[in-house]
Amino acid sequence: MSSPLPLPPKRNPQRKAKPSLAPPAARTRLGIRLSALASTGQLKLQFCKSCLEFAYPPREACPRCLIDDLEWSPISGLGEVIATTAIRATPNLYFRDRVPWRIGTVLLDEGPIVIAHLHGCCATGDRVRARLQLDKSGQAVFFALPEIENEFMNDDAQLREMTNDPKHRRVLITDARTPMGAALAAALADAGCRSIFAGVAELWRRDALLDDLSSFPKVELVRLDLTDTDSVRECAGEFGGKVDILINTAEYLRPGGFIDRRGLAAAKDEFETNVFGFMRLAQFFGPPMRARGSDGIDSASAWVNSLSVRSLSSWPEFGCNSACHAALLSMSQCLRGEFAGSGVRVVNVFSGPLETEWHDTLPPPKVAPSRLARELIAGLQRGLEDIVVGDVAKDIMSRWRDNPKVLERELAAGGGIDG
Amino acid sequence: MDDILSRLAKGLASGLIEIVDLTHTLDADFPVMILPPEFGQCARFRIEEVSCYDERGPAWKWNNFSCGEHTGTHFDAPSHWVSGKDLPYGSVDTVPLGNLVAPACVIDCSAEAEQNEDYLMDVDKIREFESAHGEIQRGSWVLMRTDWSQKKGSEYINLREDGAHSPGPNADAVRFLVDERDIIGLGTETVGTDAGQAFHANPPYPAHFYLHGAGKCGLQCLSGLDRLPAKGSIIFAAPLKIRNGTGSPLRVLALMNGSGNIPCGS
Amino acid sequence: MPDSPRQSYDGIAAVAPVTVPYERFSNRSAHWWLLKTLRGLMESAQIEPGKIDGLAVSSFSMHPDTAVGFAQHAGLELRWLEHIPAGGASGPIALKRAARAVQSGDASIVACIAGDTNHIQSFQRMTAGFSRFSLDAAYPYGAGGPNAYFALLTANYMRQFGATRKDFGHIAVCQRQNALSYPFALMKTPLTLEQYLDARAIADPLALFDCVMPCSGGEGFLVMRDETASELGIGSVRILAAFERHNAFADDPIQFRGGWVRDRELFWHQAGVSPEDIDLLQTYDDYPVISLMQMEDLGFCSKGEAADFARCRDLTNSGQFPHNTTGGQLSTGQAGAAGGYLGLVDAIRQLTRSALGKPVPDARRAVVSGFGIVNFDRGVCSSAAALSSQDS
């Protein structure tokens, strides 16, 4: 059984922060396929349809028949640990800082053997479930967990290096004056967050949501207006060094596209909050987070973007919003590059229409903010990079993966979610 | 013998004429009028650094700022309201210069506003002022003192689920000032010339409706009215000369008789 | 389908064993070490560079050059050129291929050389980009080198066959004894079993003295016809048998045997001798468990019995089973690809009565075994050669 992770002690102010270190990131192009799978929590390995055998490590052709149409096929990940070691000395600086580090050889039921990072509960001879997990370099590795889950499994120190579990971490919700912000604050408290900084613009504007928020456990309201550079600078000045997980919930949403909208004032407001707000956060919260990406068990861990699935393809009824989210998606990709090697993961949560006032003309299914919060947190606990929430988002995402041009046409024709 | 401007200059230099700043600092977090979300919104004051003696401009610092025409301490031109949309000289670039420098009457409603956040100044209150200080002369600014400018943040905007709660004039009072006294305009310490609940009046927002419909102007978010005499001050309220502008943030200054002890411009 | 019998290597001689003394770190390039080795070969055989018309070279650190660029750098005009990137298996492979080249007339005198430089960071750099499989499936797991993968093999071997750390210690301790008399060994102090067992842990169950120390160095020898060697008047050894094998037993979930198992029957048949006839065994000892595996897989004992086999034998040069006569890589250091030549070069010395350290008494037959390239989870290349002195 795993034992619960105690609350990490407060930082010793006389200790130098650890530099940002990451495990080796270099992979072959095929190896990066594994990272792409890990980013959404999938496990597939190459499979030869003629030989009916899986192949690993990634290859260009089946090592039995040399046919080059290996297909990435789902695999259970179940298997047995056949050997383990604890690395106690290594020239790799990232691991050197974390020894002893346990790895093992896992014989998968479907045939292949993998070297895997080991959960503390896994010993030689044990049945395990190996899964792909992004490590702090952002690339995929195998991680073997106990086949049967146990209560504090996610508290394992090695596993926490791969995940972004909010437990004992300090979270900033950039715009808590949203249904999602409030839902997140509640769910994060349940998930064992150490503290929740709830960013609120224009504290002079009181409303019921704000009054609720201030009564939540662990929530501290902080002045943060994403449209105001000074406000973001000041907030980052005060809290930037304490934010382990930043969740950007800002959303300025108005229906409409471009031809039928009069003027640009609304569009500017939308871009100011959604797009330029993101940039302000990146400029002021990015540096302190990047500097703390490897600083122990409660280091800076994740930057989370709440994205509409409209970021993938425009939904003309919400055309300007789609454009904002397309920009956000692109910026999140840039941010991943800028955070590379720091240990801070950029997580995108894609959802369909939320159950909020701006979607009250849309038919269900819509995503309840509480569900979004729950799945976002589950994704952080699992260590995902892309989280897709709700039936609409899953539908659009799969159609986009299948054929983006077809999806574009269907959405443009008003096909929307029914296609 | 000194000409009048020389005497003004001497008065300023000696402190016998005092300058009072009636303006709030333009600050990103200063409250603005809140409209229902489906309407267009007033842009907040924002500032972006262009350079700060750095690689973006080694020897100089400068900023870009942005805001709405009705952000911070600001001027409302007649064209701001639908009732004044077709008037000549209705925009800030064409408002007659005489409107921009003019005497002010300050009607002290601070006691009433303290008692009642929804206080509405009525004709009786104006007549009471006139009986104490003489009739409001044609071509004056009328400034409604409520001490509201001393409130901060949420108390200032005082928003509740049924809207904002703040004092203002009632419809009759505005019509009286416009029709009977032919003022230049009405100035308030609150976020608008109308009371917080004026949407529910008839007509809605009577101050805006009657003032601007008659070519009169508005000044909002004033501060420092408690320092002005009831009568005898001169207001300098010149908006930016924005083509077809409906309003503008501005610096509002008042001249008043001083003691001579206070240096000019304090 | 069994392998068909090999032609003999009769008439072909390995001569002129050369070692360029090892250094822990060097600021020279790999080329310097390789050229120094080449120069040593010429001096040893008393030949001009123009006489060398064949070259086999192994090195991890001569990037961006290949064997071609190196040959030009060395000023050699060649009619046979081979790059052998088989790491620890390179020595016997070079010997075998060079012998065939000379036998067939493709070359007259082949220089077989291996060498690497060890800059402060070069080991880490080399392991970081070692192979595609390593990039995707091994290097990200933290070892920063092969230690952890051999730890897994060792743990499995111990579990499967009951070997103990003491058994591995016996290998290391005996080899250190040999190293004390070998002038080029970097480890010059005696090692006790207690020291071995108490050493700093590296990757369980491996500790410090299970692991080799990367260093710089060069090793080489020449291959030519017997009569050429006689004309030059230099000592030579005969090649009784040799093989190479790559990627054997790919389906074993974890490595507990190597390609030697596939080849040993033909190997002994071709050599015309049996394990009992062997006077010294040079195994590739990047970790003691691999030496045990070679003793088994080459037929010196049965599978799983090497620990017992080794435990009850004195493995020093004066003992009843001389093993790794220079102290092996565990005590001399691992000079990159030269580690794959170390045992072979010293076997030639031992069989030509020119040992630099304590000689194996009356050494007439030697087996040299190679093991190379840990790719992903296992060593891929295996090789071996049986040599004899000219008087046996």
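Residues numbered from 1 in each chain as written. Chains lettered and ligands numbered in written order. Predicted model: local features only at pLDDT ≥ 70, side-chain atom pairs only at ≥ 80, totals over all residues. Heavy atoms only, no water.

Now for the overall build of chain B. Assigned secondary structure in chain B consists of six helices and 15 strands. Taking 18 Å as the expected radius of gyration for a compact globule of 266 residues, we find that chain B reaches 19 Å, a close match to that expectation. By residue count, 48% of the 266 residues in chain B fall in the buried class. At a minimum sequence separation of 6, the contacts of chain B that also span at least 24 residues come to 74%. Counting 22 positive and 36 negative side-chain charges, chain B places the centres of these two groups 5 Å from one another. (Helix = DSSP H or I, 4+ residues; strand = E, 2+ residues; numbered from the N terminus. Rg over C-alpha atoms; globule rule 2.2 N^0.38 Å. Buried < 20%, exposed > 50% of the residue type's maximum accessible area, 1.4 Å probe, protein only. Contact = heavy atoms within 4.5 Å. Lys, Arg positive; Asp, Glu negative; His and termini not counted. Charge placed at Lys NZ, Arg CZ, Asp CG, Glu CD.)

Turning to the overall build of chain A, a few remarks are in order. The secondary structure content of chain A amounts to 11 helices and 15 strands. For 419 residues, the compact-globule estimate of 2.2 N^0.38 gives 22 Å, and the C-alpha radius of gyration of chain A, at 22 Å, lies within 12% of that figure. Expressed along its principal axes, the backbone C-alpha trace of chain A runs to roughly 65 × 60 × 35 Å. Relative to its 419 residues, chain A shows a buried fraction of 58%. Summarising the internal contacts of chain A: among those between residues at least 6 apart in sequence, 67% fall at separations of at least 24. Summing over all exposed atoms, chain A offers an accessible surface of approximately 16800 Å²; the carbon and sulfur share of this is 53%. (Areas by Shrake-Rupley, 256 points an atom, 1.4 Å probe, with all protein chains shown as cover.)

We now examine the interface of chain C and chain A. Facing 29 residues of chain C, the contacting portion of chain A comprises 39 residues. With both chains or domains summed, chain C and chain A bury close to 2900 Å², and 63% of this area falls on carbon and sulfur atoms. Counting across the chain C and chain A interface gives three salt bridges. The partner of Asp204(C) in a salt bridge is Arg88(A), and the shortest N-O contact between them spans 2.6 Å. On inspection of chain C and its partner chain A, the count reaches 12 residue pairs in polar contact (both at pLDDT 80 or more). Only α5 (132-137), α6 (147-161) and β5 (201-203) of chain C provide two or more residues apiece to the side of chain C that touches chain A. Per-element accounting of the side of chain C that touches chain A gives the leading share, seven residues, to α6(C). (Buried area = accessible area lost by both parts, 1.4 Å probe. Salt bridge = Lys/Arg side-chain N within 4 Å of Asp/Glu carboxyl O. Polar contact = N/O pair within 3.5 Å; in protein donor to acceptor, adjacent residues only side chain to side chain.)

On to the arrangement of the chains, then. Highest in contacts among the two pairs of chains that touch are chains A and C. Contact between chain B and chain C is absent, and the least distance between their C-alpha atoms amounts to 37 Å.

Quick look at the packing of helix α4 (residues 179-190) of chain A against helix α9 (residues 369-382) of chain A now. All names here are of chain A. Where α4 contacts α9, the axes come no closer than 8 Å and their chain directions differ by 50 degrees. The angle between the axes of α4 and α9 places the two elements in the oblique class. Between α4 and α9 lies a crossing whose hand is right-handed. Residues Pro179, Met180, Ala183, Leu184, Ala187 and Leu188 of α4 pack against Pro369, Ser370, Leu372, Ala373, Leu376 and Ile377 of α9. By residue class, the composition of the contact of α4 with α9 is 11 nonpolar, one polar and no charged. (Axes fitted to C-alpha atoms, helices over the stretch in contact; angles between N-to-C directions. Parallel < 35°, antiparallel > 145°, perpendicular 65-115°, else oblique. Left-handed = near helix turned anticlockwise from the far one by under 90°. Nonpolar A, V, L, I, M, F, W, Y, C, P; charged D, E, K, R; others polar.)

So, on to the sheet that holds strand β7 (residues 141-145) of chain B. Residue and element names in this part refer to chain B. In space, the nine strands of this open sheet follow the order β1-β15-β13-β5-β7-β11-β12-β4-β14, with mixed pairing throughout. In the strand order of this sheet, the two ends are held by β1 (17-21) and β14 (247-249), each with one partner. Within this sheet the neighbouring strands show an average axis-to-axis angle of 25 degrees, counted without direction. As paired elements, strand β4 (residues 74-76) and β14 share three bridges and run antiparallel to each other. Paired with His74 across the bridge in β14 is Pro249. (Pairing = 2+ DSSP bridges.)

Before going further, it helps to spend a moment on the pairing of strand β3 (residues 80-83) of chain C. Remember that side chains alternate between the two faces of the sheet whenever the strand is regular. All names here are of chain C. Inspection of the sheet shows strand β2 (residues 54-58) paired to β3 by four bridges, in the parallel sense. The partner of Val57 across the bridge, within β3, is His83. What joins β2 to β3 is helix α2 (residues 67-74), and the crossover it makes is right-handed. (Right-handed = clockwise from strand over helix to strand, strands pointing away.)

Bringing the interface of chain B and chain A into the picture now. On the side of chain A, 17 residues touch chain B, which itself brings 18 residues to the contact. Here chain B packs against chain A, burying approximately 1400 Å² in sum over the two surfaces, 46% of which is carbon and sulfur. The interface formed by chain B and chain A holds four salt bridges in total. Linking Arg46(B) and Asp225(A) is a salt bridge whose minimum nitrogen-to-oxygen distance equals 2.8 Å. Taken together, the connections running from chain B to chain A amount to eight residue pairs in polar contact (both at pLDDT 80 or more). Counting residues per element, the ones that place at least two in the side of chain B that touches chain A are β2 (46-54) and α4 (153-157) of chain B. Class assignment for the residues of the side of chain B that touches chain A results in nine nonpolar, three polar and six charged.

Let's shift gears to the packing of aromatic side chains. As enumerated under the stated definition, the model contains 29 aromatic pairs over all chains in all. Seen in terms of ring centroids, Trp315(A) and Phe318(A) are 6.4 Å apart; in terms of plane orientation they differ by 85 degrees. Their pairing is edge-to-face. Phe318(A) shares its class with Trp315(A); the two are buried. Residues Phe199(B) and Tyr205(B) carry aromatic rings whose centres are separated by 6.0 Å and whose planes lie at 50 degrees to one another, so their mutual orientation is tilted. Assessed through its relative accessible area of 22%, Tyr205(B) is described here as partly exposed. Positioned above the aromatic ring of Phe249(C), the side-chain terminus of Arg262(C) is 4.1 Å from the ring centre. (Phe/Tyr/Trp six-rings, centres within 6.5 Å; stacked < 30°, edge-to-face > 60°. Lys NZ or Arg CZ within 6 Å of the ring centre and 35° of its normal.)

Residue and element names in this part refer to chain A. According to the domain assignment, chain A consists of domain 1 (29-160) and domain 2 (170-412). On a C-alpha basis, the centroid separation for the pair domain 1 and domain 2 is 31 Å. Across the contact, 13 residues belong to domain 1 and 14 residues belong to domain 2. Between domain 1 and domain 2, the buried area comes to about 1200 Å², and carbon and sulfur atoms account for 38% of it. At the surface where domain 1 touches domain 2, the tally comes to zero salt bridges. Viewed at the interface, domain 2 and domain 1 are joined by seven residue pairs in polar contact (both at pLDDT 80 or more). When residues of the side of domain 1 that touches domain 2 are traced back to their parent elements, those giving at least two are α1 (29-39) and β7 (127-134). If one sorts the elements of the side of domain 1 that touches domain 2 by residue count, β7 sits on top with four residues. Here the residues of the side of domain 1 that touches domain 2 are counted per class, giving three nonpolar, five polar and five charged. (Domains from an automatic or database assignment.)

All names here are of chain C. Taken in spatial order, the nine strands make up an open sheet running β3-β2-β4-β7-β1-β8-β11-β10-β9, and their pairing is mixed. The sheet is open, and its two edges are formed by β3 and β9 (280-282), each paired on a single side. Put simply, the sheet's adjacent strands are angled 20 degrees from each other on average, direction ignored. Inspection of the sheet shows β2 paired to strand β4 (residues 110-116) by five bridges, in the parallel sense. Its bridge partner being in β4, Gly54 is matched across the sheet by Val110. In this fold helix α10 (residues 260-271) packs onto β8 (236-246), β10 (365-375) and β11 (378-389), with an angle of close to 155 degrees to the strand it touches most, β8.

Right, let's talk about the pattern of salt bridges for a bit. Evaluated as defined, the whole model comprises 59 salt bridges over all chains. Salt-bridge contacts for Asp207(A) lead to Arg177(A); the nearest nitrogen and oxygen are separated by 3.2 Å. Within this pair, whereas Asp207(A) is found in the loop between β10 (195-200) and α5 (208-214), its partner Arg177(A) is found in the loop between β9 (170-173) and α4, the two being separated by 30 residues in sequence. Its relative accessible area of 27% is what places Asp207(A) among the partly exposed residues. Ionic pairing is found between Arg160(B) and Glu117(B), a salt bridge with its closest N-O pair at 2.5 Å. Residue Arg160(B) is found in strand β8 (residues 159-160), and its partner Glu117(B) is found in the loop between α2 (110-115) and β6 (120-121); the two are separated by 43 residues along the sequence.

One side-chain oxygen of the residue at the start of helix α1 (residues 4-14) of chain B lies 3.2 Å from the amide nitrogen of Leu5(B), identifying that residue as Asp3(B). Looking at the residues trailing α1(B), positive phi occurs at Gly15(B), about 85 degrees.

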